[in-house]
Amino acid sequence: KNDGTLSHIKLPNISPEIFQIILRYIYGGKVSLAEYDASDIIKILDAANKLSLQEIIPCLQSFLIKNKSNWMEQNFNLIYQTSFENDSFLELQKYCSELMSKQSGKIFNSPDFTSISEKCLISLIQQNNLQMSEVQVWEYVLKWGIAQNPGLSSDPSNYSDDDFNALKNTLQQCIPFIKFMEFTSKEFYNKAYQFKKIIPKDLRENLIKCFMDNDYKPNTKSESQTIKEISSKDIDSKIITIQHAELISKWIDRLEITDKIKNSYEFKLILRGSRDGFTPKKFHEICDNQSRTVIIIKVKDSDEILGGIRVLEVIF
C-alpha cells in the first residue's frame, strides 16, 4: 500500500523475530544458524521462500539435514508438509522420501506419527521395504485413524455404529493398501476381524472365505483388487494420489463416484511445471497433439486442485 510518502508491506505470516534475522542477512550477508533451534530455522526457510531469497534456501536445507536430523525425525510431519508445499525445497523432499523408504520405523515410532497427513501415511504404507510385518502396519494405521477421531478408544468392543462409520470414513483411502492376505489366520482374527465393519464388504467377505477355506481363491476382479492394480509407480505426481487417479478413471468412463471402477488407466507424466516451466509456449510445445491428456493444477497456498480432461480424436 503506497500512501504517497511510504510504501507499506504487510507480512502477517512472518514473525518480527524471524524478520529481524532475515534483515540481518539481507544487510550483512550472513546468518549464524548455530544460534537457532530447528523450529526457528524452518521458519527462516519459510520466510526466505516467501521473500524469494532463493540463494539461501539450499544452505538452510543442507544445515537442517546435516545438523538437525534427529529433530526432523521426531517432527517428521512438519518437515514433510513444509517440504512438499513448495518445489523450492527439493533437498528436504529428497530427505523425506529417503527416510520413508529406508527408515520408516523412525516415522511410525515418532511422537507426532498420529499427526501426519493422510497423503503422507498412504505414501508410507505403500513402501515395499518396510521393516515390519503387514499386521504391524495395520496396527499403526488403526492407531492413526483412531487418533483422528478424539473420543474413540482402541477397544472396538465398545464402539457404536456411528463410531465404526467415523473410523471407516477416516481410513477408507488407506485400507486398499493393507495387505490383509499376508496376515496369518490368527492375526486376522485377533487384529482385524473385530474391525470388520470398517473393511469394504466385498473385500471383507473374500478375506473371511480365504482364512476359513484354504482352497478358496479370491475374486481378483473386485474393486479392492482393481484399486491396487493402479500402482503408485504409475502416478508420477506431486499433486494427486492414487485415489485421485481412481476418481479420474471413473470420470473418464462417465461413472458415478459410488460405482465400481471398470478400467485401470495408465497415467504418464508429460509435463511438470516445476520441471519444464509454466509458460504457455512450453505447454503447447509439449502437450499439443497429445490425445487423452489430463491437466492437474494445484492452487498455491491451499489444498484446492483444479483440472480438466482433454480428448483429441483424429478420424481419417
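Before going into details, it helps to say that this report is about the structure given with it. (Residues numbered from 1 in each chain as written. Predicted model: local features only at pLDDT ≥ 70, side-chain atom pairs only at ≥ 80, totals over all residues. Heavy atoms only, no water.)

**Some remarks on the overall build of the chain**
Within the chain, the regular secondary structure consists of 16 helices and two strands. Look at the contacts in the chain between residues 6 or more apart in sequence, and 53% of them connect residues 24 or more apart. Accessible area of the chain: about 19600 Å², with a carbon and sulfur share of 50%. (Helix = DSSP H or I, 4+ residues; strand = E, 2+ residues; numbered from the N terminus. Contact = heavy atoms within 4.5 Å. Areas by Shrake-Rupley, 256 points an atom, 1.4 Å probe, with all protein chains shown as cover.)

**Overview of the packing of helix 1 (residues 16-28) against helix 2 (residues 38-50)**
Following both chains from N to C, one finds helix 1 and helix 2 inclined at 65°, their axes separated by 10 Å at the closest point. Here helix 1 is positioned roughly perpendicular relative to helix 2, judged by the angle of their axes. At the point where helix 1 passes helix 2, the crossing takes the right-handed sense. Listed contacts from helix 2 to I18, I21 and I22 of helix 1 are D40, K43, I44, A47 and A48. The residue makeup of the contact of helix 1 with helix 2, split by class, is six nonpolar, no polar and two charged. (Axes fitted to C-alpha atoms, helices over the stretch in contact; angles between N-to-C directions. Parallel < 35°, antiparallel > 145°, perpendicular 65-115°, else oblique. Left-handed = near helix turned anticlockwise from the far one by under 90°. Nonpolar A, V, L, I, M, F, W, Y, C, P; charged D, E, K, R; others polar.)

**Quick word on the nonpolar core**
A general tendency of soluble globular proteins is for nonpolar side chains to be buried together. Counting residues in hydrophobic clusters, the biggest one holds 67 residues, and the most contacted among them are I125, W138, L167, L171, F180, F183 and I198. Considering each element in turn, this core owes the most residues, eight residues, to helix 9 (residues 134-147). Split by domain, the residues of this core number at least three in each of domain 1 (6-109) and domain 2 (133-225). Ignoring any residue separated from it by four or fewer positions in sequence, one finds F180 in contact with W138, I175, A192, I199, L203, L207 and F211. (Core = buried A, V, L, I, M, F, W, Y, C linked by side-chain atoms within 4.5 Å. Buried < 20%, exposed > 50% of the residue type's maximum accessible area, 1.4 Å probe, protein only. Domains from an automatic or database assignment.)

**Structural notes on unusual backbone geometry**
One non-glycine residue, S52, lies in the positive phi region at around 60°. By the element assignment, S52 lies in the loop between helix 2 and helix 3 (57-67). Not every positive phi belongs to a glycine, and N289 is a case in point at roughly 65°. Of note, N289 is situated in the loop between helix 16 (280-287) and strand 1 (293-298). The class for N289 is exposed, based on a relative accessible area of 72%.

**Observations concerning helix 9**
Helical periodicity: at 3.6 residues per turn, an α-helix aligns residues three or four positions apart in one direction. Counted at 1.5 Å a residue, the expected span for helix 9 with its 14 residues is 20 Å, and the 20 Å between its end C-alpha atoms agrees. Among all positions of helix 9, only E134, V135, V137, W138, Y140, V141, L142, W144, G145 and I146 are buried. Among the structural elements, helix 7 (104-108), helix 8 (118-125), helix 10 (161-171) and helix 11 (185-192) are those in contact with the buried residues of helix 9. (Expected span 1.5 Å × (residues − 1).)

**Some remarks on the packing of aromatic side chains**
Applying the stated criterion across every chain, the model contains 13 aromatic pairs. Taking the centre distance of 6.4 Å and the plane angle of 80° together, the rings of W138 and F195 count as edge-to-face. Remark: F195 occurs in the loop between helix 11 and helix 12 (201-212) and W138 occurs in helix 9; sequence separation between them is 57 residues. F195 shares its class with W138; the two are buried. Centre to centre, the rings of F188 and F211 are 4.6 Å apart; their planes meet at 20°, and the pair counts as stacked. With F188 in helix 11 and F211 in helix 12, this residue pair connects regions lying 23 residues apart in the sequence. The pair formed by F188 and F211 is uniform in burial state, with each residue classed as buried. (Phe/Tyr/Trp six-rings, centres within 6.5 Å; stacked < 30°, edge-to-face > 60°.)

**Notes on the pattern of salt bridges**
Evaluated as defined, the whole model comprises six salt bridges. For E139, the salt bridge identified is with K191, shortest N-O distance 3.1 Å. Highlighted residues: E139 in helix 9 and K191 in helix 11, separated in sequence by 52 residues. Here K191 falls in the partly exposed class, since its relative accessible area comes to 35%. (Salt bridge = Lys/Arg side-chain N within 4 Å of Asp/Glu carboxyl O.)

**Overview of the packing of helix 9 against helix 11**
Orientation of helix 9 relative to helix 11, taken along the N-to-C sense of each, is 10°, at an axis distance of 11 Å. Of the possible angle classes, the one that applies to helix 9 and helix 11 is roughly parallel. Two secondary-structure elements touch here, helix 9 through V135, W138, E139 and L142 and helix 11 through E187, K191 and A192. Residue composition of the contact of helix 9 with helix 11, by class: four nonpolar, no polar and three charged.

**Overview of the side chain of N77**
Structurally, the position occupied by N77 is in helix 5 (residues 76-84). Residues in contact with N77, not counting those within four places in the same chain, are D112, S115, I116 and S117.

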